[in-house]
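Working through the structure, step by step
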Amino acid sequence: MTFSSNGVSADEHVHDVLIIGSGPAGFTAGLYAARANLNPILFTGQEYGGQVSLTYEIENYPGFPEALGGPELVERMKLQAERFGLKVEFDYVTELDVDEHPFTLRTEAGKVYRTRSVIATTGARPRYLHIPGEEDLTGRGVSYCATCDGFFFRDKDVVVVGGGDSALEEGLFLTKFASRVRVIHRRDEFRASKILQDRATKHDKVEFLLNKVVTSIHPGAEGTVTNIDLKDTVDGADSNIETDGVFIFIGHIPNNDLYRKDFHLDDEGYLVTDKHMRTNVPGVFAAGEIQDKVFKQVATSVGQGCAAAMQAGKFIEDLETHPFAGKHADPRELDPDVLSFVQA
């Protein structure tokens, strides 16, 4: 990777901060960058609001004693950031070129932007079953987050789909609320750790439906989940069971299409960052679930978005005070900590 030392022509505008993604991390980064007079632009992408927009009600976000819907929270974040100067573009970034600094972004609408820094908040998306009823009933009995939605299933009967650590962890969490948790897995052996399997097996609220896959999800008269169809993976037999909720935990897919060429990704495809939200490309920061596969909460994404914006501001200040300012010096010279992180 090389960084250009050529100056920028007088008629070519270079932005300070461009933000890719419109979830809580993105809008928080936009708020902080706007308040720092960095004139940020945020590109919403194709999934406006990110995963939180799929959450029917949120009760664990500080400052809101009354529950509010995910889409409402995102809209409030947007309005607050716009109040301080964030510009929101309902557009999709198709290319991020970091071979030269300032960086270049191209969008689906055919626009080209140049920028001194980038904050990546493109998040991750849950793996879907892609079965009838799943999409229509998301937020109405179908969920991908037990921490977000478990409370709404107090004394209810729910099923958990999946066989890894996340499925059993979330299933055990649901036992705090649900009267019964049935774990549905396509095999008779779990990928989850032995300790989680032991905990789940010994829990009196947890049952297992093995060698089964969910083939469709059905609503009742009120438009919420009431029953699901199953197919046996051994003998092909069909069956149907009643349930109040379907929690799907078959993994997440980081939205990393823009970063595969030049960025360090871990084995699961998440952007690798240091504790200052810096990627291996100086001047590009990341926040939220594109780099966080552990906590996956609105509150943590907000904190990460704040940190990324503050670090982007520091990076730009360093550019302006560097002896080679005006020549767009190699940003890697600005902070020796970056080199040690990149080489790690």
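Quick notes on the rules
- Residues numbered from 1 in each chain as written.
- Predicted model: local features only at pLDDT ≥ 70, side-chain atom pairs only at ≥ 80, totals over all residues.
- Heavy atoms only, no water.
- Helix = DSSP H or I, 4+ residues; strand = E, 2+ residues; numbered from the N terminus.
- Contact = heavy atoms within 4.5 Å.
- Pairing = 2+ DSSP bridges.
- Axes fitted to C-alpha atoms, helices over the stretch in contact; angles between N-to-C directions.
- Parallel < 35°, antiparallel > 145°, perpendicular 65-115°, else oblique.
- Left-handed = near helix turned anticlockwise from the far one by under 90°.
- Nonpolar A, V, L, I, M, F, W, Y, C, P; charged D, E, K, R; others polar.
- Buried < 20%, exposed > 50% of the residue type's maximum accessible area, 1.4 Å probe, protein only.

1. What about the environment of Ser 117?
Checked against the element boundaries, Ser 117 lands in strand 6 (residues 112-120). Distance from Ser 117 to Val 17, taken between C-alpha atoms, is 5.0 Å for residues 100 residues apart in sequence. Contact partners of Ser 117, with chain neighbours within four places excluded, come to Asp 16, Val 17, Leu 18, Phe 103, Gly 283, Phe 285, Ala 312, Phe 315 and Ile 316.

2. Here we look at the sheet that holds strand 15 (residues 245-248)
Overall, parallel pairing links the five strands, which are arranged 8-15-9-10-11 in an open sheet. In this open sheet, the two strands that pair with only one neighbour each are strand 8 (142-143) and strand 11 (206-210). In terms of strand pairing, strand 9 (residues 157-161) meets strand 10 (residues 180-185) through five bridges, oriented parallel. Opposite Val 159, over in strand 10, you have Arg 182 as the bridge partner. In the packing of helix 4 (residues 165-174) onto the sheet, contacts are made with strand 9, strand 10, strand 11 and strand 15, and the angle to strand 9 comes to roughly 170°.

3. Comments concerning the sheet that holds strand 14 (residues 238-242)
In space, the three strands of this open sheet follow the order 12-13-14, with antiparallel pairing throughout. Looking at strand neighbours, the two that pair on one side only are strand 12 (212-219) and strand 14, the edges of this open sheet. Between one strand and the next, the sheet's axes are offset by a mean angle of 25°, whatever the strand orientation. Looking at chain direction, strand 13 (residues 225-232) and strand 14 are connected through five bridges and run antiparallel.

4. Digging into the packing of helix 1 (residues 24-35) against helix 2 (residues 70-83)
Contact geometry for helix 1 and helix 2: axes closest at 9 Å, N-to-C directions at 15°. As summarised for this structure, helix 1 and helix 2 are arranged roughly parallel, according to the angle between their axes. In the packing of helix 1 onto helix 2, the handedness of the crossing is left-handed. Counting all contacts with helix 1, which are made through Pro 24, Phe 27, Gly 30, Leu 31 and Ala 34, the residues of helix 2 involved are Val 74, Met 77, Lys 78, Gln 80 and Ala 81. Grouping the amino acids of the contact of helix 1 with helix 2 by side-chain chemistry returns seven nonpolar, two polar and one charged.

5. Some details on the pairing of strand 6
Within strand 6, seven of the nine residues are buried, which leaves it mostly tucked inside the rest of the structure. Looking at chain direction, strand 1 (residues 15-20) and strand 6 are connected through five bridges and run parallel. Opposite Ile 19, over in strand 6, you have Ile 119 as the bridge partner. For strand 5 (residues 103-107) and strand 6, the ladder comprises four bridges, and the chain directions are antiparallel.

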